[in-house]
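Chain by chain, the residues run as shown.
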Amino acid sequence: MWEGPRVIGSLRSLFPYIKLHRHIILGSLVLLAVTEGFAFYTTVVLRNAIDSLRPGAAAALSVGGYALLLFALVIVQGGTRFGSRYMMGRSSRHIEYAVRNDFFAHVLTLEPAYYVRQNTGDLISRAINDLNAVRQMLGRTLMFASSSTIRVPVAVGFLAAINWKLMLITLVPFVALPFTMQRMSSGIHSMFESIQEQFATMSNRVREGFTGVRVMKAYTREADEESAFLAMNEEFIDRNRKLIRLEATIFPVIMFLPGVSFVLLLWIGGYYVASGEMTFGQFTQFQMVMMMLVMPMAMFGFMWSGVQRGAASMGRLNDILTQEPEIRDEVEVTGEEPAIQGRITFANLSFAYDDGTAILDDLTLDIPAGATVAIIGPTGCGKSTLANLVPRLYQAEPGMVMVDGRDVREYSLKHLRANVGYVQQESFLFSDSISDNLRFGDPDADDHALREVSRVAHLLPEIEDFPGGFSTELGERGMMISGGQRQRTSIARSLLRRPRIVIMDDAFASVDTYTEETILTNLRGYLDDITVILISHRISTVKGADTIVVLDDGGIAEQGTHEELLASGGFYADLYEKQRLQEELEAL
Amino acid sequence: MFQHDDLYDEDELTKIYDREIFRRLIGYVKPYTGRVLVGLVLILIAEGARNVTPLLARYAIDEHINSDALRNRDFGTVLLALRGVVILYTALLLLDLLASFLRSYMMQIMGQHIMRDMRVQLYAHIHKLHAAFFDTTAVGRLMTRVMNDVAALNELFASGIVDSIGSIIGLVTICVMMFVVSWKFALVTLAVLPIIAMATLFYQVLSRRAYREWRRQLSRMNAFMNERIGGLTTLQLFNQEPSTVRRFTGINTEYLGAALRAVLAMSFFGPLIELTGGLATAVIIWYGGGQVIQNNISIGELFAFLVWGQRFFWPLRALSEQYNTLLIAMASSERVFTLFDTVPAIQEKPDARPIAEFTECIEFRDVWFAYNEDDFVIRGIDLTIERGERVAVVGATGSGKTTLTNLLCRFYDIQKGAILVDGVDVRDLRMADLRRRIAIVQQDVFLFSGSVANNIRLDSPEISDEQVAEAASVVQADRFIASLPGKMDAEVKEGGSTFSSGQKQLIAFARALAFDPDILILDEATSSIDTETEVLIQEGLKRLLEGRTSIIIAHRLSTIQDADKIVVMHKGEIREVGTHAELLRERGIYYRLYQLQYRGQEEFASLGSDAVGETS
Ligand SMILES: Nc1ncnc2c1ncn2[C@@H]1O[C@H](COP(=O)(O)OP(=O)(O)OP(=O)(O)O)[C@@H](O)[C@H]1O
Ligand SMILES: Nc1ncnc2c1ncn2[C@@H]1O[C@H](COP(=O)(O)OP(=O)(O)OP(=O)(O)O)[C@@H](O)[C@H]1O
Ligand SMILES: [Mg+2]
Ligand SMILES: [Mg+2]
């Protein structure tokens, strides 16, 4: 199977990086050529040295002289070889470095919808393991490729000069070498790809196994998890088996074919020496030059295998790198963008996720700047979906979501998001200190501001109670503080940026009512005329809002103030009754 | 709290001596001793075959090619004379080919097996570690150990160990042959060895640190990526992409630095070994040439020595590479073994009591607990929960409700007091038994990628499809599951990202029911679920909870009003215990919470925040 075009296609994206380091790479190759030159010259010296041993031979140098010359050559070669390797190793590392930076930067531009499809463990595996394979290919392959291209023709020339007939005969097996290698290594691309894939799958399993370790432990799933992981490892071995068989063949064959050449040399060359057509020194040189051919010839094969591995991995990187972010700045921003007042309009909004089922259907809602709007509705009715559309985590068709009467697409993402304080339903904190987490959106915020938002989020007393205060470490995902503390940290974090629009998606689910009330009261004092969207299941959260919107079946079922909705006797009134009813039943 | 400079960064590795590491590495080969032996035999065959060939060449040269007998004879005669040598030579080559292939294949497969053993063991070991370990250890770091660090050992097992033995055998064979042919000559050739020894020593010092640092940075990088990609949405919402890239670049730069130092060491070592090979050739010419001129040795012998000289450096070069492999493996295995050496802080006693069923009561007896040193978050709790009781725990956030459930499941061990289940201290119980009696819906919902059904039964073969469906229907999850393509088999993406938070909670809830526990713990299990569904769930649960014990943590009091016992926690202490009616009569914390939730805001204002302030 000729995989050439596929391989080149995968590797194309690497060229710009190589180009960036072309000087060092070139330098390395030049040094390599010099090394090769010296190596050949060494064989000449060696031949002359041996021939000088013949009784009565006229020698240019004494044996000691030859030895000294050889010695000098060897030292110089060592130096140039070191230089060449180091430069090549260095640039391949630098390329790896640059690709990894770009890869990660690119990963960050992709929208949440992409990450629904793409596993994190797999991504990391690409950034580390696949890139590793690419780097190995770069370093070794480039090195071998160039050393082979220099070595092979020169060596063949040398051999021909010594005895061209002998060269033709002895090189037959050598010629077979690259072809054999190529033949054997076809399919490596797909084998390797499938191996890397399995590796990524395992990485992902491990990732989830550790992230969900608290569930594993609670349900004592450890033993079954272990056997599931074992099965994945077995599969990994299976996928490796074919490649191993192939690669186990390659090296012995490399050693075998030149061996045959040597036999031919001994046989036919023996005749030439016996017949006096060749000196013994020439015979020796012939052998040495031939040995120099072994590796480069074999390398053509190896290289091909390496290139295929590299290309398979580069292909996996390209899968991500060529993924254009669907949500990105759509307008050329010139100069200052207009300050956002905070009016939000959903105009005939319809929205469906990738799978096509409509979540929101022809929803129209106008939220004036400075208003507080509460959204309530059954589980899974699309409240969070609606909220996601404002800061463009997901996006609807143009013209459906507007801020200050302008399509959200007409703002830069940066500007839009800086003005929307979105407290997501599930708070994600980072494994830094509490102050780092609070400062997340504004790293330059001063301590005063930090205390202020902590106060607003009713977090300050607790932080002050922590032995570490603001420098308390939160652990990965903030697992070292309580659920309610996490939620409030996340609220404070959003407020620190003083956004014009605040969206709280069920942001009080894990806090008690008193804390909730306090925060809501504080919020108004902290940010005066902002627009607030409150999503909640609790009547107590929503009842004070200017407008309460009941979302159901993808659209607005009811809309009005607490009193209006109660009077209209619909879903909201029913909900209220459900909570009232319990109260009355239990009331004293 | 823990004071960690950087969670991604490594704790100091416990110092394990090289010899110890090596001994443990070899331990992994033990189960495969048979294969290793076969591998050694094969390598002996291959090396033998390979190294006899120069002798053949010498024989051919001295006896035929360079001899007067064949001088100026015709082509056919010469070929015929060399026929035997040629056949033998080819046969040896074939033998070499076959033995090498078999060895390489066997050993590589063995390497894969050892990696599997190690990985699975490590994975299982990490799962045994105590919960607190996971509080302070980034998942990405653990991933690096299990995946990358173990992978770095592959080469050592797949080729390193056997091949280096092979190389040593090869070296010895060549030495022996050189000594047999001419001991003086052999000594001269070997004169370069001290240089190699010095180079190796130098190299070891240089590279070891580089490799260590390299692995460390790799781990950091993995952890960083893992976390930041996990929190990508947050990142994007806060426009922190540029700063994150900057931080990543910082880590990547350190990684690069460490890698470059390794490259420097490696680029130095390889050529140095080759250089010594060249030196040997020079020495052979210098010494051997003189000997030939003085007719002390034949030119064939000189040739054989030249070939051996080259050959001698093959295994040597191979050894140097294998040594490098070993150094890399050491750097990685150090990390792996350190993890293996981390003992679970929470362990089962050897004579732990089994418990088949929960029959009597749970008792907290003056329980004191601190996550860190003496920052107590649970302060002297006394509480008895009878079998079949429905106990609600309420209290301000951070008051220790979740902690209480963590202690019951023995995720953490308490510092003072005792927690008894049926009169037995949980520390004396079999851990798996204890946890099997309890099912907990954790405050933080975690879904695994897979299917909905698998998330409910967690791959447990003991839970039938019917049970799964039943559990889903009790928590009202059946309605939305029915609308999914594939229903119960619908795909769950990483982190359950295609479900709403409420839906995720329902699935986690169903999971707890499916496991049919004696004790059910609901830690804010319905916090993101609408009231209507919640009421339905409560009705369904009533039936199901018959005879079971439940502990329900909730902020929404509507969930817990009819509990048998309501426990009000405040700053790690129990302040009030009683039924709803009792507590309302008491007019304490619970009463105030209740007021807040059910009366209007006006009343909240008139109540004054001082009165309730105490609750937070
Ligand atoms: N893993 C941990 N390591 C250190 N401290 C912790 C850890 N988990 C919780 N804490 C601290 O212990 C205290 C009690 O936390 P806990 O999670 O039990 O509160 P909670 O009552 O469940 O609160 P919430 O209602 O917010 O969930 C808090 O101050 C919290 O910061
Ligand atoms: N990324 C996604 N891809 C596909 N479907 C999704 C995705 N996110 C959510 N959904 C589906 O869209 C519907 C609405 O989800 P959404 O999160 O908006 O609900 P919600 O009203 O916020 O519910 P909750 O009260 O539980 O938070 C749900 O049925 C959910 O399964
Ligand atoms: Mg939601
Ligand atoms: Mg909690």
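This text gives an overview of the structure that appears in the document. Since the structure is predicted, the reported quantities are computational estimates derived from the model, not experimental observations. Each residue is numbered by its place in its chain's sequence as written, counting from 1. As a convention, the first chain written is A and the first ligand written is 1, with the rest following in written order. pLDDT decides what is reported in this predicted model: residues at 70 or higher carry local features, side-chain atom pairs at 80 or more are listed and counted, and totals for whole chains, interfaces and linings draw on all residues regardless. To get the side-chain values, take all heavy atoms of the structure and skip hydrogens and water.

### Focus on the overall build of chain B
So, step 1. Secondary structure elements are defined from DSSP: runs of H or I of at least 4 residues count as helices, runs of E of at least 2 residues count as strands, and each element is numbered from the N terminus. Secondary structure assignment for chain B yields 21 helices and twelve strands.
So, step 2. Relative to the compact-globule value of 25 Å for 616 residues, chain B shows a C-alpha radius of gyration of 36 Å, a clear excess of over 25%.
So, step 3. For chain B, the spread of C-alpha atoms along the principal axes amounts to about 125 × 50 × 45 Å.
So, step 4. For the exposure calls, accessible area comes from a 1.4 Å probe over protein chains only, and a residue counts as buried if that area is under 20% of its type's maximum, exposed if over 50%, partly exposed in between. Out of the 616 residues in chain B, the part that is buried amounts to 62%.
So, step 5. Only heavy atoms enter the contact rule, under which two residues are in contact if any of them lie within 4.5 Å. When contacts within chain B are restricted to residue pairs at least 6 apart in sequence, long-range pairs at least 24 apart make up 78% of them.
So, step 6. Carbon and sulfur atoms provide 56% of the accessible area of chain B, an area that totals close to 23,400 Å².
So, step 7. Side-chain charges in chain B split into 62 positive and 74 negative, and the spacing between the mean points of these groups amounts to 6 Å. The globule rule used for comparison is 2.2 Å times the number of residues to the exponent 0.38, while the radius of gyration itself is calculated over C-alpha atoms. Note on areas: Shrake-Rupley with a 1.4 Å probe; residue coverage comes only from the protein chains shown. In this tally, Asp and Glu contribute negative charge and Lys and Arg positive charge; neither His nor the terminal groups of the chain are included. We put the charge of a Lys on NZ, of an Arg on CZ, of an Asp on CG and of a Glu on CD.

### Topic: the site of ligand 2
So, step 1. Nearness here has a simple test: a residue counts as near a molecule or strand if at least one of its heavy atoms is within 4 Å of that partner. Close contacts around ligand 2 come from 21 residues, with Lys 383, Ser 384 and Thr 385 of chain A together with Ser 500 and Gly 502 of chain B the closest.
So, step 2. Near ligand 2, residues from chains A and B are present, making the site a shared one.
So, step 3. Each polar contact in these results corresponds to two N or O atoms within 3.5 Å; when the atoms are within protein, one needs to be able to donate a hydrogen and the other to accept it, and residues that are neighboring in sequence are counted only if both atoms are side-chain atoms. Here an oxygen atom of ligand 2 sits 3.2 Å away from a polar atom, N or O, in the main chain of Cys 381 of chain A.
So, step 4. Protein burial of ligand 2: of its 630 Å² of free accessible surface, 90% is covered by the chains.

### Some remarks on the layout of surface pockets
So, step 1. Grid points spaced at 1 Å and placed over the protein atoms alone form the basis of the search, with a cavity being a set where a 1.4 Å probe fits but cannot get out and a pocket an open set showing protein on both sides within 12 Å along at least five of seven lines. Lining residues have an atom within 4 Å of a point. Grid points are joined across faces, edges and corners, and a volume is the space filled by probe spheres set on the points. Taken as a whole, the second largest pocket holds about 710 Å³ of empty space.
So, step 2. Along the walls of the second largest pocket sit 33 residues, with Thr 220, Arg 221 and Glu 222 of chain A together with Ala 432 and Arg 436 of chain B positioned nearest its centre.
So, step 3. Contributing elements (two or more residues each) for the lining of the second largest pocket: helix H8 (213–218) and helix H9 (222–274) of chain A together with helix H3 (75–128), helix H12 (431–437) and strand S6 (438–441) of chain B.

### Looking at the coordination of the magnesium ion (ligand 4)
Angles between donor atoms at a metal ideally measure 109.5 degrees for a four-coordinate tetrahedral arrangement and either 90 or 180 degrees for a six-coordinate octahedral one.
All names here are of chain B.
So, step 1. Only N, O and S atoms count as donors, using a 2.8 Å cut-off from the metal and 3.2 Å for Na, K and Ca, and because water is excluded some sites may appear unfinished. Protein-derived ligands of the magnesium ion (ligand 4) are Thr 402 (OG1) and Gln 443 (OE1), with the metal-ligand distances lying across 1.8 to 2.2 Å. Note that Thr 402 is positioned in helix H11 (residues 401–408) and Gln 443 in the loop between S6 and strand S7 (450–451), a separation of 41 residues in sequence.
So, step 2. Judged by its relative accessible area of 18%, Gln 443 falls in the buried class.

### Observations regarding the site of ligand 1
So, step 1. In the region of ligand 1, 25 residues are neighbours, and Ser 482, Gly 484 and Gln 485 of chain A together with Thr 402 and Thr 403 of chain B sit closest.
So, step 2. Taken together, the residues near ligand 1 originate from chains A and B.
So, step 3. Separating an oxygen atom of ligand 1 from a backbone N or O atom of Lys 401 of chain B is a distance of 2.7 Å.
So, step 4. A distance of 3.2 Å separates an oxygen atom of ligand 1 from a polar side-chain atom of His 555 of chain B.
So, step 5. At the level of elements, helix H16 (483–495) of chain A together with H11 of chain B are the ones that each hand at least two residues to the shell around ligand 1.
So, step 6. As a working rule, the residues Ala, Val, Leu, Ile, Met, Phe, Trp, Tyr, Cys and Pro are called nonpolar, Asp, Glu, Lys and Arg charged, and the rest polar, with Gly in that last group. Taken together, the residues of the shell around ligand 1 sort by class into eight nonpolar, 14 polar and three charged.

### Some points on the sheet that holds strand S1 (residues 361–370) of chain B
Sheet strands associate in pairs through backbone hydrogen bonding, adopting either a parallel or an antiparallel arrangement.
All names here are of chain B.
So, step 1. Two strands are counted as paired when DSSP detects at least two bridges linking them. An order of S2-S1-S4-S5 is seen for the four strands of this open sheet, with the pairing classed as antiparallel. Both outer strands of the open sheet, strand S2 (376–386) and strand S5 (424–425), are each paired with one neighbouring strand and no more.
So, step 2. Here S1 pairs with S2 via eight bridges, running antiparallel. When the bridges of S2 are listed, Ile 362 appears paired with Ile 385.
So, step 3. For helices, the fitted axis covers only the stretch in contact; all axes are lines through C-alpha atoms, and the angles between them, taken along N-to-C directions, range from 0 to 180 degrees. Helix-sheet contacts for H11 involve S1, S2 and strand S4 (416–421), and the interaxial angle to S1 is about 115 degrees.

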